[in-house]
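Fold and geometry: a report
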Amino acid sequence: MRVQPRNVEGFLKNPDAGIRCVLIYGSDQTLVSERAKALTNALGIPPGDPFRTDDFSADQIVGDKAMLADAAAAQSLDQGSRLVRVTDATDRITPVIAEFLESLPGEAMVILEAKELSRTRSSLVKLLEGAGAGASIACYDDTDRDREAVFAEMFREAGIRVDNDALDWLAATLDANRGISRREIEKLCLFVGQGGHLTLDLVLQAAAEAGGAAMDSLIFAACGGDVAQLEKWLDRAAMEDLSPVAMVRALIGHFFKLLELQTATKNGLGVDAAIKSMRPPVFFKNVEPMKRQHRLWPEKSIKDQLTALAGLEAELKSTGSPDRLLCERHFYQVAILARRRGQAR
């Protein structure tokens, strides 16, 4: 069966009776690991317990087809639940998993961790979704709502009170990858300290003291037509290993903000008032660049960019694509187009 996103948390705490094999896969490997750990905890198995856990590679279970079944049928010394885990699952292991699901030896739970797989093309995903004793859980970059919930919980655990507008800004600004965004929240927790109160001003102050978010600087350089600055920030993005997909999504988000600004001014609101009304609020250092970009990017051009970026995002997710090269090329195209518009005025 396919575990729907709204049911994932409940499933991980209390897996359905009869489920013996769970595939956890997706582009967000931090989330894959977190969910595998949550499922292990639900089984009552201490992390890394060598007496109740067997870890195999895909090569091992393909090379010895009895290995998985033997491990699943083994008894733990204390008669508790057992776990068999494969951390690099791919479609290569589909025949082995199919045989396991047909015979269901022993009582151990099998957890398969995998990178991004196509739900419509992957034989492993199709097998787990169609099997009565199987389940699949997809792990992709968090939505703003997901990030807000994760961040709020992290601040709660750190004993920090956080304002809603600060939470909104963080959810809309930080990288959609859970691992990357978690590290930024951890830095903020240290910045504020236990028992502290995190306001939007403090969040913006922390961002400013850190030299500004690389992603933010990258976006404003591209949309403002500053090719020299763009080159600098693209180099930094590569050094910091910023995800090309996250970079494209950030650019999409920025163009949506510019579209919102165009719509507001078209409906009679002044540009200053329109920027002030935006949520999350525009960082004060970006207000003047935002005004300039409002002049550089008419509504039709923004919509053309949104269409092109949606296609680029899909292309970046396809296996084997030179993702950073494609991403950087589009950023340069945006910057050159903006510069030409600025020169024409």
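Everything that follows concerns the structure shown earlier in this document.
All of these numbers come straight from a predicted model, not from anything done at the bench.

**Overview of the nonpolar core**
One finds Leu-218, Leu-230, Met-247, Leu-251, Phe-255, Trp-297 and Phe-331 to be the most contacted residues of the largest nonpolar core, which totals 42 residues. Looking at this core element by element, the count peaks at 10 residues for helix 13 (residues 244–266). Aside from chain neighbours lying at most four places away, what touches Met-247 is Met-215, Leu-218, Ile-219, Leu-234, Ala-237, Leu-242, Arg-324, Cys-327 and Phe-331. Core analysis: the second largest hydrophobic core is formed by 27 residues, Ile-61, Val-84, Ala-89 and Leu-124 among them.

**Section: the packing of helix 11 (residues 214–223) against helix 12 (residues 227–239)**
In the contact formed by helix 11 and helix 12, the axes pass within 9 Å of each other and the chain directions differ by 150°. Judged by the angle between their axes, helix 11 and helix 12 are roughly antiparallel. Once helix 11 is placed against helix 12, the crossing between them reads as left-handed. From helix 11, Ala-214, Ser-217, Leu-218, Ala-221 and Ala-222 reach across to helix 12, where they touch Gln-229, Leu-230, Trp-233, Leu-234, Arg-236 and Ala-237. Partitioned by chemical class, the residues of the contact of helix 11 with helix 12 number eight nonpolar, two polar and one charged.

**Describing the pairing of strand 3 (residues 83–86)**
Where strand 2 (residues 53–56) meets strand 3, four bridges bridge the pair, whose relative direction is parallel. From the neighbouring strand, Thr-53 faces strand 3, where its bridge partner is Leu-83. Across four bridges, strand 3 lies against strand 4 (residues 109–114) in parallel orientation. Bridging across to strand 4, Leu-83 finds its partner in Met-109. Between strand 3 and its parallel partner strand 4, the chain crosses via helix 5 (residues 94–103), and the hand of that crossover is right-handed.

**Things to note about the sheet that holds strand 5 (residues 134–138)**
Judged by pairing direction, the sheet is parallel, and its five strands sit side by side in the order 2-3-4-1-5 without closing on themselves. Looking along the sheet, the strands with just one partner apiece sit at the ends: strand 2 and strand 5. On average, each strand axis in the sheet is inclined to that of its neighbour by 15°, with strand direction left out of account. With respect to the sheet, helix 2 (residues 29–42) is in contact with strand 1 (21–25), strand 3, strand 4 and strand 5, its orientation differing from that of strand 4 by roughly 170°. Of the strands in this sheet, strand 1, strand 4 and strand 5 touch helix 6 (residues 123–130), which is tilted by about 135° from strand 1.

**A word on the packing of aromatic side chains**
Per the counting criterion, the structure on display carries one aromatic pair. Measuring from centroid to centroid gives 5.0 Å for Phe-255 and Trp-297, while their planes differ by 80°, and the two rings are edge-to-face. In this pair, Phe-255 is assigned in helix 13 and Trp-297 in the loop between helix 15 (287–296) and helix 16 (299–316), connecting sequence segments 42 residues apart. Residue classification places Phe-255 among the buried residues on the basis of a relative accessible area of 0%. The side chain of Arg-341 reaches across the aromatic face of Trp-297, ending 4.9 Å from its centre.

**Section: the pattern of salt bridges**
Two side chains that carry opposite charge are able to pair once their charged atoms sit near each other. All told, the structure shown has 11 salt bridges when counted by the stated rule. Several salt bridges share partner residues, and in doing so they unite Lys-266, Glu-299 and Lys-303 into one network.

**Considerations on helix 15**
All of the buried residues in helix 15 are Met-290, Lys-291, Gln-293, His-294 and Leu-296. Residues of helix 15 that are buried in the fold lie against helix 11, helix 13, helix 14 (271–276) and helix 17 (323–344).

**Remarks on the state of the cysteines**
Evaluated as defined, the whole model comprises zero disulfides. A disulfide-free cysteine, Cys-21 has its sulfur positioned 15 Å from the sulfur of Cys-139, the nearest such atom. The class for Cys-21 is buried, based on a relative accessible area of 0%.

**A few points about the pairing of strand 4**
Along a regular strand, successive side chains alternate from one face of the sheet to the other. The buried fraction of strand 4 amounts to six of the six residues, a majority that puts the element mostly inside the structure. With burial as the criterion, each face of strand 4 is covered, one bearing Met-109, Ile-111 and Glu-113 and the other bearing Val-110, Leu-112 and Ala-114. As defined by bridge partners, strand 1 adjoins strand 4 across five bridges and the pair is classed as parallel. Its bridge partner being in strand 4, Val-22 is matched across the sheet by Ile-111.

**Structural notes on unusual backbone geometry**
At Leu-104, a position not held by glycine, the phi torsion is positive, near 45°. Residue position: Leu-104 is located in the loop between helix 5 and strand 4. Classification of Leu-104 as partly exposed rests on a relative accessible area of 31%.

Criteria and thresholds
- Residues numbered from 1 in each chain as written.
- Predicted model: local features only at pLDDT ≥ 70, side-chain atom pairs only at ≥ 80, totals over all residues.
- Heavy atoms only, no water.
- Core = buried A, V, L, I, M, F, W, Y, C linked by side-chain atoms within 4.5 Å.
- Buried < 20%, exposed > 50% of the residue type's maximum accessible area, 1.4 Å probe, protein only.
- Helix = DSSP H or I, 4+ residues; strand = E, 2+ residues; numbered from the N terminus.
- Contact = heavy atoms within 4.5 Å.
- Axes fitted to C-alpha atoms, helices over the stretch in contact; angles between N-to-C directions.
- Parallel < 35°, antiparallel > 145°, perpendicular 65-115°, else oblique.
- Left-handed = near helix turned anticlockwise from the far one by under 90°.
- Nonpolar A, V, L, I, M, F, W, Y, C, P; charged D, E, K, R; others polar.
- Pairing = 2+ DSSP bridges.
- Right-handed = clockwise from strand over helix to strand, strands pointing away.
- Phe/Tyr/Trp six-rings, centres within 6.5 Å; stacked < 30°, edge-to-face > 60°.
- Lys NZ or Arg CZ within 6 Å of the ring centre and 35° of its normal.
- Salt bridge = Lys/Arg side-chain N within 4 Å of Asp/Glu carboxyl O.
- Disulfide = S-S within 2.5 Å.

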